[in-house]
Amino acid sequence: MAPRTPNAYVGRMTDTAPVRVRKPDWLRVRAPTSAAIAETRQLMRRLNLNTVCEEAACPNLGECWQQKHATVMILGDTCTRACAFCNVKTGMPNKVDPLEPVHVAEACGEMGLKHIVITSVDRDDLADGGATQFVRVIEELRKRSPGTTIEILTPDFRNKASEAVARIVDARPDVYNHNLETVPRLYPTIRPGARYYHSLRLLEQVKKLDPTIFTKSGLMVGLGEERMELHQVMDDMRTADIDFLTIGQYLQPTPRHAKVTEFVEPKAFASYAAIGRAKGFLLVAASPLTRSSYHAGDDFAKLQAARRAKHAAKDGAVATA
């Protein structure tokens, strides 16, 4: 087995802070400063909305907000989980805001979004895990912005997934995303509150309930996973009939989060994308800066085109059989 790239933190813990290795050039992005970015931030604050772009310290915030794309994070800004990779704060969340669905729809209209991505914190404190709020947001968007396609990125709804997923599927989002995040071996340290096969079954359930809804899931690399482990996760995803896979570089938000074990080179992402396509995903987005909702609108159009092409190929094969 090839030796691993040295850990992103060098040396051992001493009285001084550890030395952080500089990011490679392919991970350097410009600081987010522009009038469009300020306008988006003001809009979110005025409507009392949170964005995962800000809370998770996404490196693509400047690019996306410049283009008036933002991923709204519903159900507050405080998560009941404490995943080792995530920058969203942990604690006891506030009550669910009954005006949030209306505000999301208003933001969608003001930004003129053709495709919107809605995610949330984990809300293990709620009886339905927050599923009702997802449904209300989808319904409000359908009513106020009927031409906008809707992509949701949900938590795993621990201990209540079956009912929660069924309710959300009935509301008919266009894309249902739930991220597996990493390989099964790393779950106890990276995603301790979740279970790998539970997440897989959640996405499989979506497809069984409504095969027309696109399913999507994402992985981070640079956490200590091995290449063959990623290949196995891809196989598991295809067994669950997941349509769209995203793969991006993990970046350590703060010194208290999980360390980066390696900065994966762009050519490795290109290889993962080729392998994913060969395994049958309709679409694979893989690059160092890829995130779940990065270029989501453009990718949705590619998903639709890929499905049409797949169906056309099947029809052609039947006609010539």
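Everything in this summary refers to the structure shown in the same document. (Residues numbered from 1 in each chain as written. Predicted model: local features only at pLDDT ≥ 70, side-chain atom pairs only at ≥ 80, totals over all residues. Heavy atoms only, no water.)

1. Re the pairing of strand β7 (residues 115-120)
Put simply, the rule reads: The rule is simple: take the accessible area with a 1.4 Å probe, protein chains only, and divide by the maximum for that residue type; under 20% is buried, over 50% is exposed, in between is partly exposed. Here a helix means four or more residues in a row that DSSP labels H or I, a strand means two or more in a row labelled E, and each is numbered from the N terminus. Criterion used throughout: strands pair if DSSP finds at least two bridges between them. We call a crossover right-handed when, viewed with both strands directed away from the observer, the connection leading from the first strand over the helix to the second proceeds clockwise.
Within β7, six of the six residues are buried, which leaves the element mostly enclosed by the surrounding structure. In terms of strand pairing, strand β4 (residues 71-74) meets β7 through four bridges, oriented parallel. In the strand pairing of β7, Val 72 is matched with Ile 118. Summarising the sheet, β7 and strand β8 (residues 149-153) pair through five bridges and their orientation is parallel. Within β8, the position partnered with Val 117 by the bridge is Glu 151. One crossover worth recording links β7 to the parallel β8 by way of helix α5 (residues 131-144), and it is right-handed.

2. Section: the nonpolar core
For clarity, the threshold we go by: Here, the term nonpolar core denotes a set of buried Ala, Val, Leu, Ile, Met, Phe, Trp, Tyr and Cys residues that are joined through side-chain atoms within 4.5 Å. By the convention used here, residues are in contact when the closest approach between their heavy atoms is within 4.5 Å.
If you look at the biggest cluster of nonpolar residues, it comprises 79 residues, and the most contacted ones within it are Val 104, Ile 118, Leu 141, Phe 157, Ile 168 and Tyr 176. If one sorts the elements of this core by residue count, α5 sits on top with six residues. Setting aside residues up to four positions removed in sequence, Ile 168 forms contacts with Ala 131, Phe 134, Val 135, Ile 138, Ile 152, Thr 154, Phe 157, Pro 173 and Tyr 176. Membership of the second largest hydrophobic core comes to eight residues, among which are Phe 244, Leu 283, Ala 285 and Leu 303.

3. A closer look at unusual backbone geometry
In this model, Leu 75 sits at a positive phi of 70°, which is unusual for a non-glycine residue. Summarising the element assignment, Leu 75 is placed in the loop between β4 and β5 (78-79). For Leu 75, a relative accessible area of 2% translates into the label buried. For Asp 241, which is not glycine, the phi dihedral falls at a positive 65°. Within the fold, Asp 241 resides in the loop between α9 (227-239) and β11 (244-249). Overall, the relative accessible area of 35% leaves Asp 241 in the partly exposed class.

4. Quick word on the environment of Val 135
By the element assignment, Val 135 lies in helix α5. Residue Val 135 is classed as buried on the basis of its relative accessible area, which comes to 9%. Remark: the alpha-carbon pair of Val 135 and Ala 164, spanning 29 residues in sequence, is separated by 9.6 Å. Val 135 has contacts with Arg 167, Ile 168 and Ala 171, leaving out every residue within four places of it along the chain.

5. Considering the packing of helix α8 (residues 196-209) against α9
To keep things clear, this is the line we draw: Helix axes are fitted only over the stretch in contact, all axes being lines through C-alpha atoms; the angle between N-to-C directions runs from 0 to 180 degrees. When residue character is reported, Ala, Val, Leu, Ile, Met, Phe, Trp, Tyr, Cys and Pro are called nonpolar, Asp, Glu, Lys and Arg charged, and the others, Gly included, polar.
Contact pair α8 / α9: the axes reach a minimum separation of 9 Å and the direction vectors enclose 35°. The residues of α9 that touch α8, namely those facing Tyr 196, Tyr 197, Leu 200 and Glu 204, are Val 233, Asp 236, Met 237 and Thr 239. Of the residues in the contact of α8 with α9, the class split is five nonpolar, one polar and two charged.

On their own, these measurements won't tell you what the molecule is for.
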